[in-house]
Amino acid sequence: MYKEKGFMELFPYSDDTTFEDANLQVLKKELQKVKINSCLIIENGSCVFEYYKNKKMASKPQTLNSISKSVVSLLIGIALEEGLIPSLDTPIVNYFERFMEKVDDERKLQITIDHLLTMTPGFDWPEFGEWQAFPKMFHAPHWVKYVLNRPLTHNPGEHMNYNTGATHLLTAILQQASGMKASAFAEKHLFKRLGIGEYRWYEDPQGVNNGGSGLCLRVKDLVKIGYLYLNKGMWSDKPIVSERWVEESTTPLFLTYNIGHYARHWWTNRVDQNEPWSEENRYYFAMGYGGQYIIIIPSRQVVIVMTSEMYNDTHYPRRLAMNTLFSMSGHL
């Protein structure tokens, strides 16, 4: 039913682009200098730029790190549409009652699914500080218990703090709500429909998919996810996720880090930092450690996908693409 189409059948190559040829040539030269494995640019449904460090990068599933979080957000949106999750305001204790029978802080009973999506549950979680982007959860014998047992430093909903553990709880909730692992749910409701046949999704010791950083996909399949969002949840004239969810999950909410505003497991920013927020000046992106990106610029009908090994500067690939393509300085 969902036969996979070739990439060029979906996104035929075209020289018809609004980007300056000189800018694209500069981008290619700069990509060759650093550890960026791939870069694809889709404009108005056509592939206008394609770069790979080597041939393997075109077909090899690559570690996405925190792009996994944005895929989990998409799956939560689908689960809401399917009626498997009642609402974003559902308390997470409904799913983790046996772990939360004797909570050390009554405020934990107020944490909702939306608090996890916006990364505002209030847990003490120094992922961008003391832990240096590597959560101690990964060394715990039971990841879900580890997250739920963390003390609270803020009331739920008050403060955004980057938290891979929050995403892992979402994956565990999705597994309970759907009766299948997140990987199986994704395969049924997303991957097959997009023609994504090859993937890996690592699991925790209890068999829960690592929603925060464990998904591996081919770069050309990342383009499909970006294009799905660009087209407001539609694929081949059929809805996979609602337009409402695409809008809701990418609407800027919290400005906590020097990256952009955080939404619901997507980041948002301005194309031109010197201009105010507007629909024409907005872009949003999924980002993974080491320089993995899905960048969507709705006003330009553009999707940019990059995979990298830039572990010394996760933000460089995005800066390079935005500064070069739009001939502007000031991108974060």
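Summary of the structure given here. From a predicted model like this one, the values you see are computed outputs, not experimental measurements. Along each chain, residues carry numbers from 1 onward, in the same order as the chain's sequence is written. pLDDT decides what is reported in this predicted model: residues at 70 or higher carry local features, side-chain atom pairs at 80 or more are listed and counted, and totals for whole chains, interfaces and linings draw on all residues regardless. To obtain the side-chain values, all non-hydrogen atoms of the structure were used and water was disregarded.

Re the sheet that holds strand β3 (residues 62–63)
Next, step 1: One requirement defines pairing of two strands: DSSP has to find at least two bridges between them. By definition, any uninterrupted DSSP run of H or I lasting at least four residues is a helix, any uninterrupted run of E lasting at least two residues is a strand, and each is numbered from the N terminus. The three strands lie next to each other as β3-β5-β4, forming an open sheet whose pairing is antiparallel. Each end of this open sheet is capped by a strand with a single partner; those strands are β3 and β4 (199–201).
Next, step 2: By the bridge criterion, three bridges tie β4 to strand β5 (residues 215–217) in an arrangement that is antiparallel. Among the inter-strand pairings, Tyr-199 is bridged to a residue of β5, identified as Leu-217.

A closer look at the pattern of salt bridges
Next, step 1: Definition used for salt bridges: Asp or Glu carboxyl oxygen within 4 Å of a side-chain nitrogen of Lys or Arg. With the rule as written, the count across this model stands at 14 salt bridges.
Next, step 2: For Lys-220, the salt bridge goes to Glu-50, with nearest N and O atoms at 3.8 Å. Placement of Lys-220 in helix α8 (residues 219–230) and of Glu-50 in strand β2 (residues 46–52) is noted, with a sequence separation of 170 residues between them.
Next, step 3: Here's how the labels work: a residue is buried when its accessible area is under 20% of the maximum for its type, exposed when over 50%, partly exposed in between, all with a 1.4 Å probe on protein chains only. The partly exposed category is assigned to Lys-220, whose relative accessible area is 23%.
Next, step 4: Since its relative accessible area comes to 29%, Glu-50 is described here as partly exposed.

Here we look at the nonpolar core
Next, step 1: Here, nonpolar core refers to any group of buried Ala, Val, Leu, Ile, Met, Phe, Trp, Tyr and Cys residues whose side-chain atoms link them within 4.5 Å. Ile-92, Phe-96 and Leu-190 are the most contacted members of the largest nonpolar core, which totals 77 residues.
Next, step 2: The criterion used for residue contact is that any of the two residues' heavy atoms lie within 4.5 Å. The contact partners of Phe-96, leaving out residues within four places of it in the chain, are Val-144, Leu-148, Leu-169, Ala-172, Ile-173 and Gln-176.
Next, step 3: Counting 33 residues, the second-largest nonpolar core is a separate cluster that includes Phe-19, Val-271, Tyr-283 and Tyr-293.

That is the geometry; function is a separate question.
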